[in-house]
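# Report on the structure
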Amino acid sequence: MIIQLINIRTGEGRVLRNSALTFFVLFLATCPAFSQAPKLPDNRNATVQELESRGDALRSQKDYSAAAEAYTDAIRKAPKNALLWNKLGMTELQIGAGAQGNERTLHFNQARANFERAVKLKSDYAEAVNNIGVVYYQQGDYRKAISRYKRALEIRDSASFHSNLGSV
């Protein structure tokens, strides 16, 4: 590739001569990848399943904020889907785990509210009940955590529920 060195007169009358900066500025101004903001997927036209899959993929990539947005958009379309409320709660829990102070408390409380919504929609949703226990455990409220873990075990016997109970 041959690079032609050119002079560029700036708005202030200065001339940029034969510099790598000149080339770089021109490259950025003309390259489509850098001249436009990246296009994000349009969640308005996506189905609930597409939004859920998008949220799952983003969560696996540890882009928790974007995952929460995808789950929230899915919930707007299917507000009685307990699984979506649980996934949104897990995402808030993960965001909270990486935060400190009031922000941590805020995300943990939001996670618990999402898990409780899931349980309200599906009373035998053992994973959501267990996840409420996880929030209480993270917040240091061990009595409530034990109560939730035992309740989850009443619904369904699970090694992970037993493990969580043992951790408390």
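Scroll up a little and you will see the structure.
Sequence positions are assigned chain by chain, starting from 1 and proceeding in written order. This being a predicted model, a pLDDT of at least 70 is required before a residue's local features are given, and a value of 80 or more before pairs of side-chain atoms are given or counted; all residues contribute to the totals for chains, interfaces and linings. Computation of side-chain values: all heavy atoms of the structure, hydrogens and water removed.

## Looking at the nonpolar core
What counts is decided by this rule: Only buried residues count toward a nonpolar core. Its members are Ala, Val, Leu, Ile, Met, Phe, Trp, Tyr and Cys residues joined through side-chain atoms within 4.5 Å. Buried residues are those whose accessible area, probed at 1.4 Å on protein chains only, stays under 20% of the maximum for their type, while exposed residues exceed 50% and partly exposed ones sit between those limits. The helix and strand labels rest on DSSP assignments: H or I over at least four residues marks a helix, E over at least two residues marks a strand, and numbering proceeds from the N terminus. Every residue pair with non-hydrogen atoms within 4.5 Å of one another is taken to be in contact.
Counting residues in each nonpolar core, the largest one holds 33 residues, and the members touching the most others are L84, L88, L93, F115, A118 and V135. Per-element tally for this core: the top contributor is helix 7 (residues 126-138), with seven residues. Discounting chain neighbours no more than four positions away, the residues touching L84 are V48, E52, Y71, A74, I75 and A78.

## Here we look at the packing of aromatic side chains
The geometry of two aromatic rings is summed up by the distance between their centres and the angle between their planes. Where we set the bar: Aromatic pairs are defined between Phe, Tyr and Trp rings, using the six-membered ring for Trp, whenever the two ring centres lie within 6.5 Å; interplanar angles under 30 degrees are classed as stacked, those over 60 as edge-to-face, and all others as tilted. A ring is scored as having a charge over it whenever the NZ atom of a lysine or the CZ atom of an arginine sits within 6 Å of its centre and within 35 degrees of its normal.
Counting across every chain of the model gives one aromatic pair. Over the ring of W85 we find R117, and its NZ or CZ is 4.6 Å from the ring centre. For K122, the ring lying beneath its charged end belongs to Y125, and the centroid distance is 5.2 Å.

## Comments concerning helix 3 (residues 48-60)
Put simply, the test is: To estimate how far a helix should extend, the number of its residues minus one is multiplied by 1.5 Å. Arc, as used here, means the arc of the directions from the helix axis to the C-beta atoms.
Helix length check: helix 3 (13 residues) gives 18 Å between terminal C-alpha atoms against 18 Å at 1.5 Å per residue, within 8%. Along helix 3, the residues that are buried comprise V48, L51, E52, G55, L58 and R59. The buried residues of helix 3 occupy one face: seen down the axis, they fall within an arc of 130 degrees. Opposite the buried face of helix 3, by more than 90 degrees, sit the exposed residues Q49 and S60. Elements that come into contact with the buried residues of helix 3 comprise helix 4 (64-77) and helix 5 (82-97). Once helix 3 finishes, K62 follows within two positions and takes phi at roughly 65 degrees, a positive value.

Remember, this is a structural readout, not a statement about activity or role.
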